[in-house]
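# Coordinate analysis (summary)
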Amino acid sequence: MIISNRVSRVCVTGVLLGLSLAASAREQVAQASADIRRTSFGVPHIRADDERGLGFGIGYAYAQDNLCLLANEVVTVNGERARYFGPEQATLEERNNLASDVFFTWLNSPGAVAAFWKAQSPQIQQRIEGYVAGYNRYLKEQGAPAQCQATWVRPLVAEDLVKLTRRLLVEGGVGQFAEALVGATPPHATAAVHTGAKAFELAAANQQRFSLDRGSNAVAVGRDRSFNGRGMLLANPHFPWVGGMRFYEMHLTIPGQLDVMGAALPGLPVVNIGFNQHVAWTHTVDTSKHFTLYRLTLDPKDSTRYMLDGKSVAMDKTSVNVQVKQPDGSVKAVNHTVYSSLFGPVVQWPGKLDWDRHTAFSLRDANLGNDRVLQQWYAMNRAASLKALQNSVHTLQGIPWVNTLAADDQGQSLYMNQSVVPNVNAAKLAQCSDPRAGVQLIMLDGARSACAWDIDPRAAQPGIFPAEQLPQLERTDFVQHSNDSAWMVNPQAPLAGFSAVISQDNISLGPRARFALQRLQSLAKQPITVADLQHMVMDNEVYLAGQVMPDLLQFCARQLGTDAQALKPLCASLQTWDRHANLDSGIGLVHFINLMEHLQQLPDAWRVTFDPAQPLTTPRGLAIDREPVANALREAMLASTADVAKRGLGAQSHWGDVQRSGQTPIHGGPQELGVYNAMQTVPRADGKREVVSGSSYLQIVTFDDKGPQAQGVLTFSLSSNPASNYAKDQTQAFSEKKLRSLPFTEAQIKADPHYQLQRIQE
């Protein structure tokens, strides 16, 4: 039996004061306990009297639903995949196990983990310790499910959750360069861990997919546009359907202190996206830079030394040891050296970031210094007003790589691009950056200490921008975001003039943002309702179809030439397609996807190019009168015809026959086409497409005199255990476009037809 300290309740003034206990008074020693009340679809409503008890309930409930998923991720962040599964196997993200182990052993060093833990408030520590105890209690009671009954499944320790959190932090930075960090080897030296060309190809693909797999839409509506004069929020995060970024739905309550419902990532004992009595919020992946590269000028006498302000400086060397399973089952230690400069670890990407005798490259990730992330969401969960939520973000600056959009019961809407961003202003960019690198990857001069990030005493962390220098916008009509810069959050109040590290203006908007702004504009003469927000997602309109279909059909009618007969079925399918991505949408959608995938690679395919003065309506149209475009379009049509035939699809096929999650048909489509209900898929052997990422935790929240009124669905369902009753039920509901009311009050919870109570205790 584990004994815990029960922390006395204290009166707090403001959200941030809730992050530290007044006088840290301790009362009687008591066991942690919690009530897990499950409602329809198994959603856990976890209630406890204190932080440890709440964590205990979260860990226990999560283990009931996703023990194998979490155990697998714990193996990953501890750098133990090669030990248990062998060095040649790969992670769920297709990263080589050995490379993954070296990276995470470096990232989650004992010193870094201990420092992160020490920086946490007593409440966060207690909740983590409770989470660990709850998970371990379930594992001891029930054992591991059939699919993960193996030696690598073990009881957790608090450090495991710290490591999971640190992995989340670097997803927008050095985590995308794991192969480059592991592959960084001095010229003519022999690498202990070989990173081949294939690994970098996969890494490049994963980098490109980052904003797709972890994209998102959000709309926050204020009193001037809301149907009842209160705030409204549409949360439509696009996150992976499998693995360590898969959301979990839960409701957390400490009577008199906390009442919050929403979704959390694996191993995190807080709600990341959700709502409480007064405020609802969500996040969208931002376009801000969370790391910069530094070009190092090497000492001509030694490639492991670099020149800084005219002096030769030795690189730091960190020895990383991982255990590797051998063919005979034995385990052997492999040692790898990670090199670092003053600016961060050296990274090497063949053909892009080469380490030769003259030059090397370091990467500095701002979120490696962010130990405030859990406290940030803890404060947001407790925010009693929009202002309190905003103040917590301004003060803590713990948001890693996402924007925040929120609405409250007073009718305010808020957008904040308030993440952890390197403090590199426009002047420093002009003085220190390499213009050849552009602004997609910020490349600074590592030979001058003057090119280090600026330190502003107002910032929560040395080297990042203070909150007052980052974009934010409060409105009483609306704010929206779909992974573009901060520029057009609301066209009536453009956010411009920021360092390119933060946000860029006068650049083309993505099609999802254009769709959202067009839809909100079409609703300008009437109040926005819950149904309107739901339809934005569930209508599955393919926005780009409205921009290019007239030209495609004209091309079909006039410019097919000798291919007219072969392309007649394709053109007929485009003509009859409803221009949506619904389950019953015709095969024309598959052809449209194929055509646009090809045409979007052409630089001059648009008939009307982007005009910064008309960002909501340009670019548009296809330049079918230009011979290169016409030739490319004809080739794409022929290729699509062959592709559809190869996959066994015909004129009577529908989108629901193609896009699946297992055997469940899934609506929605590629975000590149402006489908708000974005879905990312991979091909299956049977010719269908399997959903791997997209709309995840869908939440629509409004407020009235009784508090929040919420609807939602967790698209991939609560449990990753295929034997669970909660493994496919919400997926089927999503397939049928059925959102459910989210029970929040005690009366609503207990009135649920599937209500069940489980009381657990250490």
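- Per an unreviewed UniProt entry, the protein chain is named Acylase, and its organism is Pseudomonas asgharzadehiana.
- Database annotation for the protein chain, UniProt heading Subcellular location (unreviewed entry): "Periplasm".

## Observations concerning the confidence of the model for the protein chain
- Across the protein chain, the average pLDDT comes to 93, with 93% of residues at 70 or higher.
- Taken together, the stretch residues 1-29 has pLDDT below 50 and engages in 55 contacts with residues farther than four places along the chain or on a different chain.

## Comments concerning the pattern of salt bridges
- With the rule as written, the count across this model stands at 30 salt bridges.
- The salt bridge partner of Glu51 is Arg127, with a shortest N-O separation of 2.7 Å. Remark: Arg127 occurs in helix H5 (residues 122-142) and Glu51 occurs in helix H1 (residues 51-77); sequence separation between them is 76 residues.
- The partner of Arg52 in a salt bridge is Glu762, and the shortest N-O contact between them spans 3.0 Å. In this pair, Arg52 is assigned in helix H1 and Glu762 in the segment after strand E32 (756-761), connecting sequence segments 710 residues apart.

## Comments concerning the sheet that holds strand E9 (residues 273-275)
- Spatial ordering of the open sheet is given by E21-E19-E18-E10-E9-E8-E7-E4-E3-E32, a layout of 10 strands whose pairing is mixed. Both outer strands of the open sheet, strand E21 (472-475) and E32, are each paired with one neighbouring strand and no more. Pairwise comparison of adjacent strand axes, ignoring direction, gives a mean angle of 20° for this sheet.
- As defined by bridge partners, strand E3 (residues 33-38) adjoins E32 across 6 bridges and the pair is classed as antiparallel. Considered in E32, the bridge of Arg37 is made with Leu757.
- Each of strand E7 (248-254), strand E8 (258-264), strand E10 (279-285) and strand E18 (402-408) is contacted by helix H9 (residues 373-382), which is oriented at about 145° to E10, the strand it contacts most.

## Observations concerning empty space enclosed by the protein
- A complete count under the given rule lists 3 cavities of 30 Å³ or more for this structure.
- Every residue lining the largest cavity is counted, 15 residues in all, and those nearest its centre are Phe239, Leu265, His283, Trp377 and Val402.
- Those elements that provide at least two residues to the lining of the largest cavity are strand E6 (232-240) and E10.
- In terms of residue count, E10 provides more of the lining of the largest cavity than any other element does, 3 residues in total.
- When the residues that make up the lining of the largest cavity are grouped by side-chain class, the tally is 11 nonpolar, 4 polar and no charged.

## Some remarks on the packing of aromatic side chains
- Applying the stated rule across the entire model yields 14 aromatic pairs.
- Each ring, one from Tyr62 and one from Tyr248, has its centre 4.8 Å from the other, and the planes form 70°; the classification is edge-to-face. With Tyr62 in helix H1 and Tyr248 in strand E7, the pair connects residues that are 186 residues apart, well separated along the chain.
- By relative accessible area, which is 3% here, Tyr62 ends up buried.
- Judged by relative accessible area, Tyr248 falls into the buried class, the value being 1%.

## A short note on unusual backbone geometry
- For the peptide bond that leads from Thr618 to Pro619, omega is 0°, which places it in the cis range.
- Backbone geometry places Phe41, a non-glycine residue, at a positive phi of 65°.
- The backbone of Arg579 shows a phi angle near 65°, a positive value even though the residue is not glycine.
- With respect to the helices, strands and loops of the structure, Arg579 is situated in the loop between helix H15 (564-576) and helix H16 (588-599).
- Arg579 sits in the partly exposed class, given a relative accessible area of 30%.

## A short note on the environment of Gln614
- For Gln614, the location among the structural elements is in the loop between strand E23 (606-608) and strand E24 (620-622).
- The spatial distance from the C-alpha of Gln614 to the C-alpha of Ser508 is 9.5 Å, given a sequence separation of 106 residues.

## Some thoughts on helix H17 (residues 627-646)
- Between its first and last C-alpha atoms H17 spans 29 Å; for 20 residues at 1.5 Å apiece the expected length is 28 Å, and the two agree.
- Along H17, the positions that sit buried rather than exposed are Val629, Ala630, Ala632, Leu633, Arg634, Ala636, Met637, Ser640 and Val644.
- Looking at the packing, one finds that the buried side of H17 touches helix H14 (543-558), H15 and H16.
- At the C-terminal side of H17, Gly648 shows a positive phi close to 75°.

## Looking at the state of the cysteines
- Within this structure, the stated rule accounts for 3 disulfides.
- Here Cys432 pairs with Cys451 through a disulfide, and the sulfurs are 2.1 Å apart. The disulfide joining Cys432 to Cys451 has a torsion of about -80° about its S-S bond and is therefore left-handed. A residue pair is termed long-range when its members are at least 10 positions apart, and Cys432 in helix H11 (residues 426-432) and Cys451 in the loop between strand E20 (443-445) and E21 qualify at 19 residues. As far as burial versus exposure is concerned, Cys432 and Cys451 are alike and both buried.
- Two residues share a disulfide in this structure: Cys556 and Cys571, whose sulfurs sit 2.0 Å from each other. On the S-S bond that ties Cys556 to Cys571, the torsion sits near -80°, and the link is left-handed.

## Considerations on the nonpolar core
- Among the nonpolar cores identified, the biggest contains 199 residues, and Phe103 and Phe592 are the most heavily contacted of them.
- For this core, the leading source of residues is H1, giving 15 residues.
- Those residues in contact with Phe103 that lie beyond four places of it in its chain are Val170, Val174, Gly175, Ala178, Leu181 and Val182.
- Among the nonpolar cores identified, the runner-up in size contains 29 residues, and Tyr294, Phe343, Ile442 and Phe465 belong to it.

What counts, and where the lines are drawn
Residues numbered from 1 in each chain as written. Predicted model: local features only at pLDDT ≥ 70, side-chain atom pairs only at ≥ 80, totals over all residues. Heavy atoms only, no water. UniProt positions renumbered as here; feature names shortened; annotations may be inferred. pLDDT = per-residue confidence, 0-100. Contact = heavy atoms within 4.5 Å. Salt bridge = Lys/Arg side-chain N within 4 Å of Asp/Glu carboxyl O. Helix = DSSP H or I, 4+ residues; strand = E, 2+ residues; numbered from the N terminus. Pairing = 2+ DSSP bridges. Axes fitted to C-alpha atoms, helices over the stretch in contact; angles between N-to-C directions. 1 Å grid on protein atoms, 1.4 Å probe; cavity = no way out; pocket = protein on both sides within 12 Å on 5 of 7 lines; lining within 4 Å. Points joined across faces, edges and corners; volume = space filled by probe spheres on them. Nonpolar A, V, L, I, M, F, W, Y, C, P; charged D, E, K, R; others polar. Phe/Tyr/Trp six-rings, centres within 6.5 Å; stacked < 30°, edge-to-face > 60°. Buried < 20%, exposed > 50% of the residue type's maximum accessible area, 1.4 Å probe, protein only. Expected span 1.5 Å × (residues − 1). Disulfide = S-S within 2.5 Å. Core = buried A, V, L, I, M, F, W, Y, C linked by side-chain atoms within 4.5 Å.

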